[in-house]
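Residues per chain are reported as follows:
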Amino acid sequence: MEQITVALGARSYGVKIARNLLESAAEEIRQVCPCEKLALVSDETVFPLYGQDLAKRLETAGYAVSVYSLPPGERIKNLVTLDARYRWLAGEGFTRADAVVALGGGVVGDLAGFAAATMFRGMSLIQIPTTLIAQLDSSVGGKTAVDLPEGKNLVGAFYQPSLVLIDPDCLNTLPRRQFSSGAAEAVKMGFVANPSLLTELEKAEPDWEKVIAAALGAKAALVTRDERDTGARHVLNFGHTLGHVYEAAGGYDRWLHGEAVAAGMMKMLAVEEQQGLQVDAVRKRLMTLLQQYDLPLSIPCTAEQYRRYLPLDKKCHDSLVTLVQVTEDGHARLTDLPLSTLMTYLET
Ligand SMILES: NC(=O)c1ccc[n+]([C@@H]2O[C@H](COP(=O)([O-])OP(=O)(O)OC[C@H]3O[C@@H](n4cnc5c(N)ncnc54)[C@H](O)[C@@H]3O)[C@@H](O)[C@H]2O)c1
Ligand SMILES: [Zn+2]
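Residues numbered from 1 in each chain as written. Chains lettered and ligands numbered in written order. Predicted model: local features only at pLDDT ≥ 70, side-chain atom pairs only at ≥ 80, totals over all residues.

Engineer: Provide a residue-level description of the overall build of the chain, including the pertinent values.
Structural biologist: Scanning the chain for helices and strands turns up 13 helices and twelve strands. Its C-alpha radius of gyration of 20 Å places the chain within 12% of the 20 Å reference for a compact globule of 348 residues. The principal-axis extent of the C-alpha atoms belonging to the chain is close to 60 × 40 × 35 Å. Here the chain, with 348 residues, has 47% of them falling under the buried criterion. Of the contacts formed within the chain by residues at least 6 apart in sequence, a portion of 73% connects residues at least 24 apart. (Helix = DSSP H or I, 4+ residues; strand = E, 2+ residues; numbered from the N terminus. Rg over C-alpha atoms; globule rule 2.2 N^0.38 Å. Buried ≥ 20, exposed ≤ 12 C-beta atoms within 10 Å, placed from the backbone. Contact = placed C-beta atoms within 7 Å.)

Engineer: Account for the domain arrangement of the chain, naming residues and giving values.
Structural biologist: Looking at the assigned domains, one finds that the chain contains domain 1 (2-174) and domain 2 (181-347). In this structure, domain 1 and domain 2 have C-alpha centres spaced 26 Å apart. Counting from both sides, the interface comprises 23 residues of domain 1 and, opposite them, 23 residues of domain 2. Of all elements in the fold, only strand 1 (2-6), strand 2 (13-17), helix 5 (132-138) and strand 8 (151-158) reach the threshold of two or more residues within the side of domain 1 that touches domain 2. When residues of the side of domain 1 that touches domain 2 are assigned to their parent elements, the largest contribution, five residues, is made by helix 5. Taken together, the residues of the side of domain 1 that touches domain 2 sort by class into 14 nonpolar, five polar and four charged. (Domains from an automatic or database assignment. Nonpolar A, V, L, I, M, F, W, Y, C, P; charged D, E, K, R; others polar.)

Engineer: So what's going on with helix 3 (residues 79-91)? Residues and values would help.
Structural biologist: For helix 3, spanning 13 residues, the distance from its first C-alpha to its last is 18 Å, which sits close to the expected 18 Å at 1.5 Å a residue. At the C-terminal side of helix 3, Gly93 shows a positive phi close to 80°. (Expected span 1.5 Å × (residues − 1).)

Engineer: Break down the nonpolar core for me, citing the residues and quoting the values.
Structural biologist: In terms of nonpolar packing, the biggest core is built from 108 residues, with Val41, Val100, Val101, Leu103 and Ala215 touching the most fellow members. If you tally residues by element for this core, the top one is helix 8 (residues 208-225), at eleven residues. Here Val41 is in contact with Tyr68, Val100, Val101, Ala102, Leu103, Val108 and Ala112, once residues within four sequence places are set aside. (Core = buried A, V, L, I, M, F, W, Y, C linked by C-beta atoms within 7 Å.)

Engineer: A description of the packing of helix 6 (residues 176-192) against helix 10 (residues 257-274) should follow, citing residues and the corresponding values.
Structural biologist: Two elements in contact, helix 6 and helix 10, have axes whose closest approach is 7 Å; the angle formed by their N-to-C orientations is 40°. It follows from the interaxial angle that helix 6 and helix 10 lie oblique. Crossing handedness for the pair helix 6 and helix 10: left-handed. Contact residues: helix 6 offers Ser180, Ser181, Gly182, Ala183, Ala184, Glu185 and Lys188, while helix 10 offers His257, Gly258, Glu259, Val261, Ala262 and Met265. Here the residues of the contact of helix 6 with helix 10 are counted per class, giving five nonpolar, five polar and three charged. (Axes fitted to C-alpha atoms, helices over the stretch in contact; angles between N-to-C directions. Parallel < 35°, antiparallel > 145°, perpendicular 65-115°, else oblique. Left-handed = near helix turned anticlockwise from the far one by under 90°.)

Engineer: Any chance you could break down the environment of Arg85 for me, citing the residues and the numbers?
Structural biologist: Its place among the elements puts Arg85 in helix 3. A count of 24 C-beta atoms within 10 Å places Arg85 in the buried class. Along the sequence, Arg85 and Tyr68 sit 17 residues apart, while their C-alpha atoms lie 8.0 Å from each other. When near neighbours in sequence (up to four residues on either side) are disregarded, Arg85 contacts Tyr68 and Ala115.

Engineer: Describe the site of ligand 1, listing the residues and the values that go with them.
Structural biologist: Close contacts around ligand 1 come from 30 residues, with Thr45, Gly105, Gly106, Thr131 and Ser138 the closest. Listing elements by their share of the shell around ligand 1, those giving two or more residues are helix 2 (46-60), helix 4 (106-118), helix 5, strand 8 and helix 6. When grouped by side-chain class, the residues that make up the shell around ligand 1 number nine nonpolar, 14 polar and seven charged. (Near = placed C-beta within 6 Å.)

Engineer: Tell me about the pairing of strand 8, and name the residues and values.
Structural biologist: Pairing geometry for strand 7 (residues 143-148) and strand 8, over five bridges, is antiparallel. Of the residues in strand 8, the one forming a bridge with Lys143 is Phe158. Remark: two residues form the turn of the hairpin made by strand 7 and strand 8, two consecutive strands paired antiparallel. (Pairing = 2+ DSSP bridges.)

Engineer: Just give me the short version of unusual backbone geometry, but keep the residues and values in it.
Structural biologist: Here the phi dihedral of Tyr252 falls at roughly 65°; this positive angle occurs in a residue that is not glycine. Turning to its location among the elements, Tyr252 is positioned in the loop between helix 9 (240-249) and helix 10. Overall, Tyr252 belongs to the partly exposed group, with 17 C-beta atoms counted inside 10 Å. Unusually for a residue other than glycine, Asp294 sits at a positive phi of about 55°.

Engineer: Outline the environment of Asp147, listing residues and values.
Structural biologist: With respect to the element layout, Asp147 can be found in strand 7. A count of 21 C-beta atoms within 10 Å places Asp147 in the buried class. Asp147 sits 73 residues away from Glu74 along the chain, and the two C-alpha atoms are 8.7 Å apart. Contacts of Asp147, omitting those with residues within four sequence positions, involve Lys77, Asn78, Lys152, Asn153 and Leu154.

Engineer: Explain the pairing of strand 4 (residues 64-70) to me, and be specific about the residues and the numbers.
Structural biologist: As paired strands, strand 3 (residues 37-43) and strand 4 are joined by seven bridges and run parallel to one another. The residue of strand 4 that forms the bridge with Val41 is Tyr68. The parallel pair strand 3 and strand 4, bridged by helix 2, forms a crossover whose chirality is right-handed. (Right-handed = clockwise from strand over helix to strand, strands pointing away.)

Engineer: Could you give an account of helix 8, with specific residues and numbers?
Structural biologist: Each α-helix winds once per 3.6 residues, and so residues spaced three or four apart point in a common direction. Over its 18 residues, helix 8 extends 26 Å from the first C-alpha to the last, a length consistent with the 26 Å expected when each residue adds 1.5 Å. Of the positions making up helix 8, those classed as buried are Trp208, Val211, Ile212, Ala213, Ala214, Ala215, Leu216, Ala218, Lys219, Ala220, Leu222 and Val223. For helix 8, the elements touching its buried residues are strand 1, strand 2, helix 5, strand 9 (163-166), helix 6 and helix 7 (196-201).

Have a look at this one:
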């Protein structure tokens, strides 16, 4: 088993990664949750695959388990679903002493996480991520949120879980496209923080347990330095400023997050090149990796779409955009650029 500690003083927690971990999840949860009741939140795809067995095991371990299963997909990550979740928690007799278990991808994790952060001013939260994106990124770091019609993740909280349990065997049922989307985040992490990840990802059959542990190890270190995303943690946004534009321009259902990030990383290198930076080596390695995982190298986007969706990005302030730029494997730097300058680079 791989183990990582996210060191945040009183809010520190463990991340455990092992094949078959779901079988001993109840005992793992017992060690951090002395409560009586658990709210198991999942979605209608994941629950029949992994939730039913998990619920039985949690009951055998002595918990009273209530299940809330959501329709799958980003569309339910909103305030209406959240309101229904709050009322369900209240109606089922939960208290602040009880815990929420989020079993699913990033959508379930973000929504159940925000509900746990806010219900009764904070219930304990256990993350059991089942997509690659959630396993190597979103389940760790404490970002929880729901979307508004005005934009993604606009209402949320930083709220750390008490425990993260990762079973890479869950990835066996993940559709290939979803898997690739997660691989894009692993590639990103390799370029901004840990080039050994790139070497593992370049293998014909990467060891995913290793990939997840390396990506989360790098993320945990950044979260420890910058829990609330005001400095060091920004490097995780490589490819994301433009990726968010592609996601928005595609109406959020045309491109998966990792696909948009893949094209966003490539386009950012084109911007860097226009600024006079040398990016040939990074571009070659990035391109080969994106192709290996069937990820797009570019996404069509008009100047009007860039203009329309860029200023919505949370990293734009006073018409300066903070860009994450990579010129060497494993090293990222932050650059502030006037929005108008960035637009001229993007339009050419
Ligand atoms: N909090 C963070 O730091 C953070 C970071 C990155 C992304 N996110 C958020 O995460 C969300 C995207 O997460 P996602 O890509 O996991 O999407 P998702 O949760 O919608 O899952 C994708 C699809 O895969 C299905 N699925 C999940 N696990 C499965 C499995 N093991 N086998 C078969 N099918 C499975 C789901 O039912 C869903 O249909 C977005 O809302 C994004 O904003 C949050
Ligand atoms: Zn991302």
